[in-house]
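Take a look at the letters that make up each chain.
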Amino acid sequence: MDEPSFTGEPFPVAKLPGAEVSAGSINLNGALTVEVQRSGGETFMGDIVRLVEEAQSREAPVQRLADKVAGHFTYGVMAISAATFVFWSTVGACILPVAFQQGSAMSLALQLSCSILVVACPCALGLATPTAVLVGTSLGATKGLLLRGGSILEKFSAVNTIVFDKTGTLTIGKPVITKIVTTASDEHCE
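Residues numbered from 1 in each chain as written. Predicted model: local features only at pLDDT ≥ 70, side-chain atom pairs only at ≥ 80, totals over all residues. Heavy atoms only, no water.

Some remarks on the packing of aromatic side chains
Okay, so step 1: Applying the stated criterion across every chain yields a total of one aromatic pair.
Okay, so step 2: An angle of 90° between the planes, with centres 5.3 Å apart, marks the rings of Phe87 and Trp88 as edge-to-face. (Phe/Tyr/Trp six-rings, centres within 6.5 Å; stacked < 30°, edge-to-face > 60°.)

So this is what it looks like as structure tokens:
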């Protein structure tokens, strides 16, 4: 059985009758008869799926900040839009010639205030952060990297060194010698 997804071992493992076989293992040789002891949600693979779903639903610290800023920003945008409407429906009609107003002063004031609401809407800020976290954790999961939420992604930006201790963790699970390094004392022994 090939089980690198769960164990990280690069080589297949022989399974004898009565041995436990994990869901998601790959049978490399011969026929295999198994008895299901747990349903899909209770298996190790089910745990992985559950962890990915939990990670995608967790809120990153930067997301809380974005939500807070967007909340205050919304009131500011609405106030500026209202001030624009009031200005252009009263004083603006005197400043801009009638030829540029394309109708009444009220129509121009409504167009400008709605434009401010559409362009400066904080919805983009509130949606961009959770979308980025969701995409990041989903792409990581498809590549075999399981992250426990956006806060981990945020902390990961400060990492400058990663050390792995198992063959198969970053490779295709087929170890090969890529380089032989000898010390000066080894050269004199030959």
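Anyway, onward from the coordinates.
Examining helix H3 (residues 61-90)
Helical periodicity: at 3.6 residues per turn, an α-helix aligns residues three or four positions apart in one direction.
Okay, so step 1: The end-to-end C-alpha distance of H3, which contains 30 residues, comes to 44 Å, matching closely the 44 Å that a straight helix rising 1.5 Å per residue would cover.
Okay, so step 2: Those residues of H3 not exposed but buried are Gln63, Ala66, Ala70, Val77, Ser81 and Thr84. (Helix = DSSP H or I, 4+ residues; strand = E, 2+ residues; numbered from the N terminus. Expected span 1.5 Å × (residues − 1). Buried < 20%, exposed > 50% of the residue type's maximum accessible area, 1.4 Å probe, protein only.)

As for the packing of H3 against helix H6 (residues 105-119)
Okay, so step 1: Between H3 and H6, whose axes approach to 8 Å, the crossing angle comes to 165°. The angle between H3 and H6 falls in the class roughly antiparallel. The interaxial crossing formed by H3 with H6 has right-handed handedness. Between H3 and H6, the residues in contact are Val77, Met78, Ile80, Ser81, Thr84, Phe85, Trp88 and Ser89 and Ala105, Met106, Leu108, Ala109, Leu110, Leu112, Ser113, Ile116 and Leu117, respectively. (Axes fitted to C-alpha atoms, helices over the stretch in contact; angles between N-to-C directions. Parallel < 35°, antiparallel > 145°, perpendicular 65-115°, else oblique. Left-handed = near helix turned anticlockwise from the far one by under 90°. Contact = heavy atoms within 4.5 Å.)

Quick word on the confidence of the model for the chain
Okay, so step 1: Looking at the chain, pLDDT values average 75 and 77% of them are 70 or higher.
Okay, so step 2: Across the chain, the element-wise mean pLDDT spans from 57 in helix H5 (residues 98-101) up to 85 in H6. (pLDDT = per-residue confidence, 0-100.)

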